[in-house]
Amino acid sequence: MRITILTLFPAMFDGALGESILRRAVDQGALQVERRNIRDYAQDRHHVVDDSSYGGGPGMLMKPEPLFRAVEDVRCQAGESGTWVVLMSPQGRTFTQKTAAELAGKPHLVLVCGHYEGVDERFREHGVDDEISIGDYVLTGGEPAALVVMDAVARLLPGVLGDPTSSEMDSFSAGLLEYPQYTRPAQFRAWKTPPVLLSGDHQAIARWRRRQAILRTLRRRPELLDTAGLSPDEIADALGPDPEGDAA
Ligand code: ADE
């Protein structure tokens, strides 16, 4: 998969792309990341990319010309129909695990990072295929949001996480929060690992985990249960007495 980031601050991505899983994804060739500076597409002598808002008001807007030129250049060079251009913006559709899976299926993703008070409306309307927000808060620019999207998409690409099932096992993929997990030592200070997890009984462990995932979701994010596809029996079982006698 290929990701092109259009930004005024390409160096903001250095750290994230130089470490850990994103770096491995790039080194392995599962992901190709290209950064382009929107300022390079400004045609005037001073490479101006922003201007004040017609009608007045505080703050500056990103001008349409450099944005359109950057996107058109990328689309033209890519030459393929699979290029999907996304504007990172607090006004976009909210990013979820489902959106990440959808974007992971695109051969070429272009993430456009807005700045200042926003972008000229004509770019939003005619320059992009999609507009995504990572949550209901306002960042100083789209770069942290683009990083979030890139990270969530990269880990879904085949071969990026060592174990092929680890992204499929994710809580949000199954529509539930993650069950509690423990590693050695079996007892840390006064706190013991639930005995069922040490029992070696794989069926009992799977039952316990499923039940814990449902209970945790019910307590912390009940709205997720509406779309998790659980049967009423499964919810009733999770709420009933614990067959393993091992409440977490
Ligand atoms: N740019 C500023 N705030 C943002 C947000 N919440 N999501 C995506 N892009 C943004």
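Residues numbered from 1 in each chain as written. Predicted model: local features only at pLDDT ≥ 70, side-chain atom pairs only at ≥ 80, totals over all residues. Heavy atoms only, no water.

1. Some remarks on the packing of helix H4 (residues 97-104) against helix H6 (residues 143-154)
Rules: Axis definition: a line fitted to C-alpha atoms, over the contacting stretch in the case of helices. Angles run 0 to 180 degrees between N-to-C directions. The helix count covers DSSP runs of H or I at least four residues long, the strand count covers runs of E at least two residues long, and both are numbered beginning at the N terminus. Roughly parallel here means an angle under 35 degrees, roughly antiparallel means over 145, roughly perpendicular means 65 to 115, and every remaining angle is called oblique. Residue contacts follow a heavy-atom distance rule, with two residues in contact if any of their heavy atoms lie within 4.5 Å. Residues were grouped as follows: Ala, Val, Leu, Ile, Met, Phe, Trp, Tyr, Cys and Pro as nonpolar; Asp, Glu, Lys and Arg as charged; and all remaining residues, including Gly, as polar.
Between H4 and H6, the shortest axis-to-axis distance is 9 Å and the interhelical angle comes to 70 degrees. Between H4 and H6, the crossing angle belongs to the class labelled roughly perpendicular. Contacts between H4 and H6 involve Ala100, Leu103 and Ala104 on the former and, on the latter, Val149, Ala152 and Val153. The residue inventory of the contact of H4 with H6, partitioned by class, reads six nonpolar, no polar and no charged.

2. Considerations on the sheet that holds strand S2 (residues 32-37)
For the record, the criterion: By this definition, two strands are paired if DSSP reports at least two bridges between them.
Strand order in the open sheet formed by five strands is S2-S1-S6-S5-S7, with parallel pairing between adjacent strands. The strands lining the two open edges of the sheet, one partner per strand, are S2 and strand S7 (130-133). Taking each pair of neighbouring strands and ignoring which way they run, the sheet shows an average axis angle of 30 degrees. With five bridges joining them, strand S1 (residues 2-7) and strand S6 (residues 108-113) adopt parallel strand pairing. Within S6, the residue paired with Arg2 across the bridge is His108.

3. Notes on the pairing of S1
The two faces of a sheet get side chains in turn, since along a regular strand they alternate between them. The cut-off we apply is this: The classification of residues rests on relative accessible area computed with a 1.4 Å probe and restricted to protein chains. Under 20% of the type maximum is buried, over 50% is exposed, and intermediate values are partly exposed.
The element S1 is largely enclosed, with a buried count of five among its six residues. As paired elements, S1 and S2 share six bridges and run parallel to each other. Bridge pairing in S2 places Thr4 opposite Glu34.

4. Thoughts on H6
Counted only if it meets this: By this rule, a helix spans an expected 1.5 Å times one less than how many residues it contains.
Compared with an ideal rise of 1.5 Å per residue, which puts 12 residues at 16 Å, H6 spans 16 Å between its outermost C-alpha atoms and is within 8% of the ideal. Within H6 the residues assigned to the buried category are Glu143, Ala145, Ala146, Val149, Met150, Ala152, Val153 and Ala154.

5. Topic: the side chain of Asn37
To keep things clear, this is the line we draw: Any pair of N or O atoms that falls within 3.5 Å is considered a polar contact. Within protein, one atom must be able to donate a hydrogen and the other to accept it, and sequence-neighbouring residues count only if both atoms are side-chain atoms.
Position of Asn37 among the secondary structure elements: in strand S2. Among the polar contacts listed, one links the side chain of Asn37 to the backbone nitrogen of Arg39, at a separation of 2.9 Å. Setting aside residues up to four positions removed in sequence, Asn37 forms contacts with Thr7, Leu8 and Pro10.

6. Focus: the domain arrangement of the chain
Definition in use: Where each domain begins and ends follows an automated or database-derived domain assignment.
Taken domain by domain, the chain consists of domain 1 (2-154) and domain 2 (171-239). Placing a centre on the C-alpha atoms of domain 1 and another on those of domain 2 gives a separation of 37 Å.

7. Brief notes about the packing of aromatic side chains
Going by this rule: Pairing of aromatic side chains here covers Phe, Tyr and the six-membered ring of Trp, requires ring centres within 6.5 Å, and sorts the geometry by plane angle: under 30 degrees stacked, over 60 edge-to-face, intermediate tilted. Over a ring means this: the NZ of a Lys or the CZ of an Arg is within 6 Å of the ring centre and within 35 degrees of the ring normal.
This structure, assessed with the given rule, holds two aromatic pairs. Residues Phe68 and Phe123 carry aromatic rings whose centres are separated by 5.4 Å and whose planes lie at 85 degrees to one another, so their mutual orientation is edge-to-face. On the criterion of sequence distance, the pair formed by Phe68 in helix H3 (residues 64-78) and Phe123 in helix H5 (residues 121-126) is long-range, its members being 55 residues apart. The class for Phe123 is buried, based on a relative accessible area of 0%. Arranged with centres 5.9 Å apart and planes meeting at 40 degrees, the rings of Phe188 and Trp191 form a pair that is tilted. Above the plane of the ring of Trp84 lies Lys106, whose end atom (NZ or CZ) is 3.9 Å from the centre.

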